[in-house]
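# Coordinates in review
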Amino acid sequence: GVSANLHAAANPRGRFWGTDFQPDHALFAQGMARQAGLQAHWMARSFEEMLDADLPEFDLVTLHGVWSWIHAPARHAIVEFLRRKLKVGGVVYMSYNIMPGWSAEKPLRDLLWLHTELAGARGDATDRRIQGALEFAQRLRNGRAAYFEQNAKAGQMLDDMLRDDIHVVAHEYFNRSWHIDYFAQLAET
């Protein structure tokens, strides 16, 4: 809610609404808005729950990154929400991971995911399984695996993952609903 609250502060005549399925994130955003006296309303609801929420129609709807991280029913709920709540002539801004832009990195993410599912010790915590997968990928790169030799972006992604907090890596790349579309697939939705 930090960036959304900044937008609300910069546009005092606007009314801002937002949601996060993680209640602590929504509470943090609500607290910031309240302390700053902003016209902003933050909820802890899923996209499916947003369909039944008592909300106004919107001039602008933004979705930063979420499309790539959510399961099909949530994507359907977003499309339905836009049909119901976006004003005629309204604007949607949606960022998402797209092919072919992710074509070098997607195989690395898929390999890491498979490693956590198949090679991680049963009962190990998610962060330990992810750490094991990252170490496996590092060994492949150190062994000069052709994939890393031919895909500098994949090596950069691995370096970023090794530097980041393991919980950030889990959120960004190990979500069960993680997927990447081509624009044509999104347009069909």
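For the structure itself, consult the block above.
Figured I'd write up the structure that's included with this text. As the structure is a prediction and not an experimental result, all values here were calculated from the model.

This part is about the packing of helix α6 (residues 126-142) against helix α9 (residues 166-173). Helix packing for two helices is described by the angle between their axes and how far apart those axes are. It is the contact of α6 with α9, at a shortest axis distance of 10 Å, that shows an interaxial angle of 85°. What the angle tells us is that α6 and α9 run roughly perpendicular. Contact with α6, carried on its side by Asp127, Ile130, Gln131 and Leu134, involves Ile166, His167, Val169 and Ala170 of α9 and no other residues of that element. Of the residues that constitute the contact of α6 with α9, the class distribution is five nonpolar, two polar and one charged.

Relative to the helices and strands, Glu105 resides in the loop between β5 (98-99) and α5 (106-119). Judged by its relative accessible area of 10%, Glu105 falls in the buried class. If sequence neighbours within four positions are ignored, Glu105 has contacts with Tyr147, Lys153 and Met157.

Quick look at the environment of Leu118 now. Note on placement: Leu118 falls in helix α5. Leu118 sits in the exposed class, given a relative accessible area of 70%. Placed 21 residues apart in sequence, Leu118 and Asn97 show a C-alpha to C-alpha distance of 25 Å.

What follows deals with the pattern of salt bridges. A full pass over the atoms with the stated rule returns ten salt bridges. One salt bridge connects Arg141 with Asp159, and the closest N-O pair in it is separated by 2.6 Å. Taken together, the residues Arg141 in helix α6 and Asp159 in helix α8 (residues 152-163) connect sequence positions 18 residues apart. Here Asp160 makes a salt bridge to Arg163, at a shortest N to O gap of 2.5 Å. Here Asp160 pairs with Arg163, and both are found in helix α8, just three residues apart, close to one helical turn. The exposure class assigned to Asp160 is partly exposed, which follows from its relative accessible area of 36%.

Thresholds applied
- Residues numbered from 1 in each chain as written.
- Predicted model: local features only at pLDDT ≥ 70, side-chain atom pairs only at ≥ 80, totals over all residues.
- Heavy atoms only, no water.
- Axes fitted to C-alpha atoms, helices over the stretch in contact; angles between N-to-C directions.
- Helix = DSSP H or I, 4+ residues; strand = E, 2+ residues; numbered from the N terminus.
- Parallel < 35°, antiparallel > 145°, perpendicular 65-115°, else oblique.
- Contact = heavy atoms within 4.5 Å.
- Nonpolar A, V, L, I, M, F, W, Y, C, P; charged D, E, K, R; others polar.
- Buried < 20%, exposed > 50% of the residue type's maximum accessible area, 1.4 Å probe, protein only.
- Salt bridge = Lys/Arg side-chain N within 4 Å of Asp/Glu carboxyl O.

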